[in-house]
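Here is how the chains run, residue by residue.
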Amino acid sequence: MLRATRSFAVSYAAATCIGGRESNEDSVLALELDSRYCFVVADGLGGHGAGDIASKLLTGIFEREFGNAKDCRGFLKHAFDVAQQELLALQAEKGAVNQMKTTAVAACIINGKIAWGHAGDSRLYHYKKGILAGRTLDHSVPQMLVASGEIKEDEIAKHPDRSRLLRAFGDKWDVPKYEISKEVNLRKNSAFLLCTDGIWEHVSKEILMPPKDVDANADSWLAAIMDDMTRLQDIDSEIDMDNYSVISVIVR
């Protein structure tokens, strides 16, 4: 989908897939409202439907609250706080403590600025003119091992403790455990990719990068990623394919 905001053209596309699981506990939101944009990817944890409830609750709160958003950082903080409060309340109501949790990564564009935030190992990749400018750092045991120099970055995806998370919405915490970036000015020829670990642990860095074709949009970028996931499943039917979800955003 392509929309214009001020002097920018923003294209975005979103998809989620069950992968090799019996149910899909991921949830995605790609919302445009009055030239403002909200993108969220959430990966539910806990199994037996509890993760599905948690991820949908979080994306639903972002959708519900976005109409009142005035600035990026303030909105992200508000939506994350409300999601955490409502998740804990629902856990208590359903007797699902330690089950109903979710990772999340979210980004919003308001008044020509963008900011993003996350908790867990769902990621945002930021590209400038086709070059990776940075990504969110996972709240996980392997990411901690990278920080301490015990393993390399490219070893995270195959590490035996790859799924051991240190933070998630639905965990009990005394202070917020999510991280929110600074607001930065939206720039032409920039791109953003939000995805669950079901994407980044399988898809190569080359496929994750935005298309080099100057006329390419978010739909073609998303299609390349989803095609690569399908190819992986076709090549190796024994691959442990988690649910996978992705949102691509290109700014021209």
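For the structure itself, look to the data block above.
The residue numbering used here restarts from 1 in each chain and proceeds along that chain's sequence as written. In keeping with the model being predicted, local features are shown solely for residues with a pLDDT of at least 70 and side-chain atom pairs are shown and tallied solely at 80 or more, while totals for entire chains, interfaces and linings include all residues. By convention in this description, side-chain values take in all heavy atoms of the structure and omit both hydrogens and water.

**A closer look at the nonpolar core**
Rules: Definition used in this section: a nonpolar core is a set of buried Ala, Val, Leu, Ile, Met, Phe, Trp, Tyr and Cys residues joined via side-chain atoms within 4.5 Å. Buried residues are those whose accessible area, probed at 1.4 Å on protein chains only, stays under 20% of the maximum for their type, while exposed residues exceed 50% and partly exposed ones sit between those limits. For helices the rule is a DSSP run of H or I covering at least 4 residues; for strands it is a run of E covering at least 2, with both sets numbered from the N terminus onward.
In terms of nonpolar packing, the biggest core is built from 33 residues, with Cys38, Leu58, Phe62, Phe66, Phe75 and Phe169 touching the most fellow members. Elements represented by at least two residues in this core include exactly strand E3 (26-33), strand E4 (36-45), helix H1 (50-65), helix H2 (72-94), strand E5 (101-110) and strand E6 (113-119). By size, the runner-up hydrophobic cluster in this structure holds 27 residues, among which are Leu193, Leu222, Ile225 and Tyr244.

**Here we look at the pattern of salt bridges**
Spelled out, the test is: A side-chain nitrogen of Lys or Arg and a carboxyl oxygen of Asp or Glu constitute a salt bridge if their distance falls within 4 Å.
Applying the stated criterion across every chain, the model contains 17 salt bridges. The partner of Glu153 in a salt bridge is Arg135, with the nearest N and O atoms 2.3 Å apart. You can see Glu153 sitting in the loop between helix H3 (141-147) and strand E9 (179-180) and its partner Arg135 sitting in strand E8 (residues 131-135), a full 18 residues away along the chain. Judged by relative accessible area, which is 36%, Glu153 ranks as partly exposed. The class for Arg135 is buried, based on a relative accessible area of 18%. Of the charged contacts, one joins Arg167 and Glu179 as a salt bridge, the two residues approaching to 3.9 Å between their closest N and O atoms.

**Some words on helix H6 (residues 218-235)**
Because an α-helix completes one turn every 3.6 residues, residues spaced three or four positions apart along the sequence face the same direction. Applied cut-off: Between the first and last residue of a helix there are one fewer steps than residues, each counted as 1.5 Å, and that sum is the expected span. Directions pointing from the helix axis toward each C-beta atom define the arc. We call two residues in contact whenever any of their non-hydrogen atoms come within 4.5 Å of each other. Within 3.5 Å is the distance limit for a polar contact, defined as a pair of N or O atoms, with the added protein rule that one can donate a hydrogen and the other accept it, and that residues adjacent in sequence qualify only through two side-chain atoms.
Along its 18 residues, H6 runs 26 Å from first to last C-alpha, staying within 8% of the 26 Å computed at 1.5 Å per residue. Here H6 has its buried residues at Ala218, Trp221, Leu222, Ile225, Met226, Asp228, Met229 and Leu232. Looking straight down H6, one finds its buried side chains confined to an arc of 150°; they lie on one side. Among the exposed residues of H6, those pointing more than 90 degrees away from its buried face are Asp227, Asp234 and Ile235. Considering only its buried residues, H6 is in contact with strand E2 (8-17), strand E7 (123-128), strand E11 (190-195), helix H4 (197-200), helix H5 (205-208) and strand E12 (244-251). Its side-chain oxygen 3.1 Å from the backbone nitrogen of Asp219, Asn217 forms the N-cap of H6.

**Description of the environment of Leu232**
With respect to the secondary-structure elements, Leu232 resides in helix H6. Along the primary structure Leu232 and Val203 are separated by 29 residues, whereas in three dimensions their C-alpha atoms are 8.8 Å apart. The residues contacting Leu232, other than those within four sequence positions of it, are His202, Ile239 and Met241.

**So, the packing of H1 against H2**
Rule in force here: Between N-to-C directions, angles span 0 to 180 degrees; the directions come from axes that are lines fitted to C-alpha atoms, helices contributing only their stretch in contact. The scheme is simple: roughly parallel for angles under 35 degrees, roughly antiparallel for over 145, roughly perpendicular for 65 to 115, oblique for anything else. Crossing handedness is read from the near helix: turned anticlockwise from the far helix by less than a right angle, it gives a left-handed crossing, and turned clockwise, a right-handed one. Under the scheme applied, nonpolar residues are Ala, Val, Leu, Ile, Met, Phe, Trp, Tyr, Cys and Pro; charged residues are Asp, Glu, Lys and Arg; polar residues are all the others, including Gly.
At a minimum axis distance of 9 Å, the contact between H1 and H2 shows a crossing angle of 140°. In terms of orientation, H1 and H2 fall into the oblique class. At the point where H1 passes H2, the crossing takes the right-handed sense. Contacts from Ile53, Ala54, Leu57, Leu58, Ile61, Phe62, Arg64 and Glu65 in H1 reach Phe75, Leu76, His78, Ala79, Phe80, Val82, Ala83, Glu86, Leu87 and Leu90 in H2. Grouping the constituent residues of the contact of H1 with H2 by class yields 14 nonpolar, one polar and three charged.

**Things to note about the packing of aromatic side chains**
The test is simple: Geometry of aromatic contacts follows a simple scheme: Phe, Tyr and Trp rings, the Trp one being its six-membered ring, pair when their centres are within 6.5 Å, and the pair is stacked under 30 degrees between planes, edge-to-face over 60, tilted otherwise. Two limits define a charge over a ring: the Lys NZ or Arg CZ must be within 6 Å of the ring centre, and within 35 degrees of the ring normal.
Here the structure, examined in full by the defined rule, presents 14 aromatic pairs. Consider the rings of Phe62 and Phe75, whose centres lie 5.5 Å apart with planes at 90°: the pair is edge-to-face. Taken as a pair, Phe62 in helix H1 and Phe75 in helix H2 lie far apart in primary sequence, 13 residues in all. With a relative accessible area of 0%, Phe62 lands in the buried category. A relative accessible area of 4% places Phe75 in the buried class. The interplanar angle of 50° and the centroid separation of 5.9 Å between the aromatic rings of Trp116 and Phe192 together place this pair among those described as tilted. Of this pair, Trp116 sits in strand E6 while Phe192 sits in strand E11, placing them 76 residues apart in sequence. Owing to a relative accessible area of 14%, Trp116 belongs among the buried residues under this scheme. Members of the aromatic cluster, connected to one another through ring pairs, are Phe62, Phe66, Phe75, Phe80, Phe169, Trp173 and Tyr178. Sitting over the ring of Phe66, Arg36 keeps its end group 5.1 Å from the ring centre. Its guanidinium or amino end placed over the ring of Trp200, Arg123 lies 3.5 Å from that ring's centre, counting from NZ or CZ.

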